[in-house]
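Chain residues, written in single-letter form:
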Amino acid sequence: MSEVRNVIIIGSGPAGYTAGLYNARAMLNPLMFGGYMSGGQLMLTTDIENFPGYPEGISGAEMMMQLRQQAEKFGLEVHDKDVSKVDFSSSPFTVTVEGEEYKSHAVIISTGAEAIWLGAENEDAQKGRGISVCATCDGAFFRDQEVLVIGGGDSAMEEATFLTRFASKVTIIHRREVFRASKVMLDRAKTHPKIEMKMHRQVKTWLSDDNGLTGAILEDPRDGSTEEIGVTGAFIAIGHKPITKFLDGQVETDESGYIVAKEHTMTSVPGVFAAGDVVDTRYRQAITAAGMGCQAAIDVEHWLENNIHN
Ligand SMILES: Cc1cc2nc3c(=O)[nH]c(=O)nc-3n(C[C@H](O)[C@H](O)[C@H](O)COP(=O)(O)OP(=O)(O)OC[C@H]3O[C@@H](n4cnc5c(N)ncnc54)[C@H](O)[C@@H]3O)c2cc1C
């Protein structure tokens, strides 16, 4: 049988690296499979201004490199490979990577959640250049500018209301007549003097010049008619998809696929822990993910002490 590790960490975002740092410093010799997108969601973004410790801000890629270096310095072993399968039915657990099986007493799942993008024409080129999926992260870059929010749920209303702190005007567009948002959130957005709502509209094409986003061509899905809107910022708020499919239902998730924490950071399977956006339907920030990574690592230490190394 192959060596049984104390802990395998799946995912290399802020949650994973922080867990790795803590478990490495606790001499647990952690092994990380960082995945196809090593460094996680922040690799997609340019400026991070809200992670404590960087008064001048820092690029996402640079920050993730530093988190990795810090954890590796204390002994975290990282492989930038995807976990394709897990088996939590018996202990030690089995984690399969490129056909090879790895064993561990504990597992931390920190595979994050993907923001759902629209897939409109010219969208990929403008991601991070005017088009965002996080108002808390990027709203402050759009001071006194006109911005668009896409979506009809509570998140869209919350993003739009938050953006009124910075933007001169916020237009919410929604494909349908009926909103999924709760009445209170909808009313707050509807009655805000800086917010305009346009129903039966979807983005067909993003417009841009050398400086970034300049607007969008909106389409009415009922008859295909179009209109142009001028904005320098756009926030897509149509939801997130947690990355939990590879778990194949072995830990309890909610109806959207987010892992449900049972006892602190422990999942429905004792010895399997989860941290970051993969469990977080509310905050979804680098610092909260890192905080949960720390919690999961400490929970793993206690769990190993009480159940394996006692
Ligand atoms: C464009 C953008 C800008 C943002 N800006 C900010 C900001 O300014 N400030 C802020 O606080 N937050 C920001 N966020 C949110 C922040 O990125 C997330 O909250 C944070 O990255 C979540 O960390 P995480 O560790 O939970 O997951 P992630 O960062 O999503 O990392 C998940 C990791 O899991 C790996 N993975 C997935 N599947 C597998 C698998 N099967 N096997 C192995 N590994 C796997 C991935 O490769 C990745 O490394 C932004 C998000 C986006 C999309």
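Residues numbered from 1 in each chain as written. Predicted model: local features only at pLDDT ≥ 70, side-chain atom pairs only at ≥ 80, totals over all residues. Heavy atoms only, no water.

Trainee: Report on the state of the cysteines, specifying residues and quantitative values.
Mentor: All chains considered together, the criterion is met by one disulfide. Across a sulfur-sulfur distance of 2.0 Å, cysteine 134 and cysteine 137 are joined as a disulfide pair. The sign of the S-S torsion, about 70 degrees, decides the handedness of the disulfide formed by cysteine 134 and cysteine 137: right-handed. In this structure cysteine 134 comes out as buried when scored by relative accessible area, which is 15%. Looking at cysteine 137, the relative accessible area reads 32%, which means it is partly exposed. (Disulfide = S-S within 2.5 Å. Buried < 20%, exposed > 50% of the residue type's maximum accessible area, 1.4 Å probe, protein only.)

Trainee: Tell me about the layout of surface pockets, residues and numbers included.
Mentor: Approximately 230 Å³ is the volume attributed to the second largest pocket. The wall of the second largest pocket is formed by 15 residues, among which Leu118, Ile150, Arg175, Gln202 and Ile238 lie closest to the centre. Here the lining of the second largest pocket is built from residues that sort into six nonpolar, five polar and four charged. (1 Å grid on protein atoms, 1.4 Å probe; cavity = no way out; pocket = protein on both sides within 12 Å on 5 of 7 lines; lining within 4 Å. Points joined across faces, edges and corners; volume = space filled by probe spheres on them. Nonpolar A, V, L, I, M, F, W, Y, C, P; charged D, E, K, R; others polar.)

Trainee: Describe the domain arrangement of the protein, listing the residues and the values that go with them.
Mentor: Here the protein is described as being made up of domain 1 (4–114 + 240–307) and domain 2 (117–236). At the junction of the two partners, domain 1 supplies five residues and domain 2 supplies five residues. There are zero salt bridges connecting domain 1 and domain 2. At the boundary of domain 1 and domain 2, one finds zero residue pairs in polar contact (both at pLDDT 80 or more). Tallied by class, the residues present in the side of domain 1 that touches domain 2 amount to no nonpolar, three polar and two charged. (Domains from an automatic or database assignment. Contact = heavy atoms within 4.5 Å. Salt bridge = Lys/Arg side-chain N within 4 Å of Asp/Glu carboxyl O. Polar contact = N/O pair within 3.5 Å; in protein donor to acceptor, adjacent residues only side chain to side chain.)

Trainee: An account of the pattern of salt bridges is requested, with residue identities and associated values reported.
Mentor: One pass over the full model with this rule turns up 13 salt bridges. Salt-bridge contacts for glutamate 77 lead to arginine 5; the nearest nitrogen and oxygen are separated by 3.0 Å. Highlighted residues: glutamate 77 in strand 5 (residues 77–79) and arginine 5 in strand 1 (residues 4–10), separated in sequence by 72 residues. Through salt bridges that share partners, Glu3, Arg5 and Glu77 make up one connected network. (Helix = DSSP H or I, 4+ residues; strand = E, 2+ residues; numbered from the N terminus.)

Trainee: I'd love a proper account of the site of the ligand, names of residues and values included.
Mentor: Of all residues adjacent to the ligand, which total 34 residues, the nearest are Gln41, Asn50, Val83, Asp277 and Ala286. A distance of 2.9 Å separates an oxygen atom of the ligand from a polar atom in the backbone of alanine 15. About the coverage of the ligand: the protein hides 96% of its 1,000 Å² of free accessible area. If you list the elements that add at least two residues to the shell around the ligand, you get helix 1 (14–25) and helix 7 (286–307). Residues belonging to the shell around the ligand are distributed by class as follows: 15 nonpolar, 15 polar and four charged. (Near = heavy atom within 4 Å. Areas by Shrake-Rupley, 256 points an atom, 1.4 Å probe, with all protein chains shown as cover.)

Trainee: So what about a nonpolar patch on the surface? Which residues, and what values?
Mentor: Side chains of Tyr36, Met37 and Leu44 sit close together on the surface and give an oily, nonpolar patch of about 340 Å² of accessible area. Position of methionine 37 relative to the elements: it lies in the loop between strand 2 (31–33) and strand 3 (47–48). The exposure class of methionine 37 is partly exposed, given its relative accessible area of 32%. (Patch = residues over 30% accessible without salt bridge, like charges linked within 9 Å, V, L, I, M, F, W, Y side chains within 5 Å.)

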